[in-house]
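# Per-entry structural report
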Amino acid sequence: MKHSLRSSSVLVALLLVLAACGDSEPADTTAAPSTTGQPSATTVAPTTDTTTAPVDTTSAPTGGTLVVAMGEDPGHLNPGITTGFNVHAIAGSIFNGLVELDDNATPIPDLADSWTVNDDATQYTFDLADGVTWHDGEPFTSGDVKFTFENILLNFHSRTKGGLENILASIETPDDNTVVFNFSAPYSALLQRLNSTEAPILAEHIYAGSADVQTDPANLTPVGTGPFMFESYAPNDQVRLVANPNYFKAGLPKLDGVVFRIIPDATTQLAALEQGEVDFIWRVPGPDVSRLEGSSDVTLYKVNSGPGGGFCIPTLTFNLDRDVFSDVRVRQAIAHAVNRQQIVDQAIFGQGRVATGPFNSQLTSVYTDDVTNYEYDVATAAGLLDEAGLAAGDDGIRASITLMLFPNFVNYGEIIKENLADVGIEVELVALERSAFLPRVFGERDFDTNIISYCNNTDPSIGISRMYLSSNIGDIPFSNGAGYVNPMIDSLFDEAVSQSSEAERAATYAEVQQILTEDMPYLWLVETEFVAASGANVSGLAPWSGHLVEAASIGS
């Protein structure tokens, strides 16, 4: 008998591109940092003249306009309401966080000059930089920080909401230059989640009184504090930024402006780079990496973290509201039926590895491989489907499902469609652009399965937990799309964030991984790593950071 999950569905034209997308895009880090333990009391930020800074701010050439290729139109430019890469890759040059992370994931000053942490990591006090103004001339104050968290980030930024809403007790602003975060329990990961990706600070005077922050017209004409100011946005064409002449960091920016050009096809992006039409691309197509490694005209950057997050795992989401996926044996069968090594070889051309579960293996201090594994095994998959009562009909079909995805994941989808056909599951690929995909998945929950690249940060509370917490189900992009509810998982994530011992946290997170790989609310496909590239005449880029071009310059 054939089981159909929908009476009808619309097949959207599929556009095969290999550009960046999903929740976020990885960026340049040669080795993943371990997660941080509890900070010591009175942790004070270094000065902005940090030894890890990649560029001298005085000696490099200045001026010129740098062109960055983007695979998709951002749709809007408000980084506080999304974790999506295509927004953050642009908005990171317009906005700032309280801190930024250097290429070793060490917090360095941004809007905050310095900070202190009390002995049990329940209170963080930040001293804000002097003389910071918004691009419209209004002064930046601690009130903007408090407003941004309470009214925007904790409501619409899925990683901030998922990680902080149950532990952040209050935010105080004793004066315009001081902001204090108070927690209900020790929380050691805060400094890792205050950069321009995880906590971009927005202007209270722009958004106060907004009827709907998510659709506010200000999202298309952003006013930030960052190194570059908004000039123009032509959808599906380009976003133009100009240098902020009043930027609060001396000697920066060096460029006159930045243009983010929308070029959907990765091969076209690479050709434009090699011809000098663009200066930076986020992803080099896998087959071209070896050819470029010896080129004197191109600089390559290994990528695993950057605007929008890092340590990404493209993931197949099961809509647990669908009857067919209510049986864990069906989800486990699909896990056995999908040849994830084929995805590594044919979709990402060896730039990554098969994922073992919900934690990226590069998060070494909390990752475990002692989990339920699902090797590619068609016979085991078929047996589980038989046990679940999904018998094949005369036509050999057990069930028909839709697989919703962004266009750049069609290559993943084709492999999964082919694999599941071998066990009698018929898959219809539905490719949607971001503006249609997000409300349908997270608002209407009108999907059977989908693929999203879920990304996080160096701590599981920054990006991983938001996928599984029952409080994070709703119309928030890149949240708990499966609709997974498990009180034990809720409790373990809450417990882990306040544990000061790294060994305790590792044990708690190991239990999380073991439960999730048994329950299988998602199928974690692959851990991705990519290679970005710039022209050899470009220096000072920071592809691990939202501030990609803050210190960039173009030579001759």
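In this text, all values refer to a predicted model and were calculated from it rather than measured experimentally.

Conventions adopted
- Residues numbered from 1 in each chain as written.
- Predicted model: local features only at pLDDT ≥ 70, side-chain atom pairs only at ≥ 80, totals over all residues.
- Heavy atoms only, no water.
- Pairing = 2+ DSSP bridges.
- Helix = DSSP H or I, 4+ residues; strand = E, 2+ residues; numbered from the N terminus.
- Axes fitted to C-alpha atoms, helices over the stretch in contact; angles between N-to-C directions.
- Contact = heavy atoms within 4.5 Å.
- Salt bridge = Lys/Arg side-chain N within 4 Å of Asp/Glu carboxyl O.
- Buried < 20%, exposed > 50% of the residue type's maximum accessible area, 1.4 Å probe, protein only.

Pairing of strand β9 (residues 228–234) with strand β10 (residues 238–243) involves six bridges; the strand directions are antiparallel. Its bridge partner lying in β10, Met229 is registered against Val242. Hairpin connection between β9 and β10: a loop of three residues separates the two successive antiparallel strands, and Asn236 in this loop has a positive phi of roughly 65°.

Right, let's talk about the sheet that holds strand β8 (residues 178–183) for a bit. The antiparallel open sheet is built from four strands, whose spatial order is β5-β6-β8-β7. Single-partner strands in this sheet number two, and they are β5 (112–117) and β7 (168–175). The average angle at which neighbouring strand axes cross in this sheet is 20°, direction not considered. Direction of pairing for strand β6 (residues 123–128) relative to β8: antiparallel, over a ladder of five bridges. In the sheet register, Thr125 faces β8, and the bridge partner there is Val180. In the packing of helix α2 (residues 142–156) onto the sheet, contacts are made with β6, β7 and β8, and the angle to β7 comes to roughly 160°.

Turning to the pattern of salt bridges, a few remarks are in order. Scanning all chains against the criterion turns up 17 salt bridges. We note a salt bridge from Glu150 to Lys146, for which the minimum N-O separation is 2.8 Å. With a gap of four residues between them, Glu150 and Lys146 both fall in helix α2, about one helical turn apart. Note on Glu150: relative accessible area 36%, which makes it partly exposed. Between Glu274 and Arg291 there is a salt bridge, with its nearest N and O atoms 2.9 Å apart. Highlighted residues: Glu274 in helix α5 (residues 266–274) and Arg291 in helix α6 (residues 289–292), separated in sequence by 17 residues. In this structure Arg291 comes out as partly exposed when scored by relative accessible area, which is 45%.

Let us look at the sheet that holds strand β13 (residues 298–303). One key point about sheets: their strands pair by backbone hydrogen bonds, in either a parallel or an antiparallel sense. A sheet is described by the order of its strands in space; here seven strands give the open sequence β9-β10-β11-β2-β12-β22-β13, paired in mixed fashion. The open sheet is flanked by β9 and β13, the only strands paired with a single partner.

Everything listed here is a matter of geometry and, on its own, says nothing about what the molecule does.
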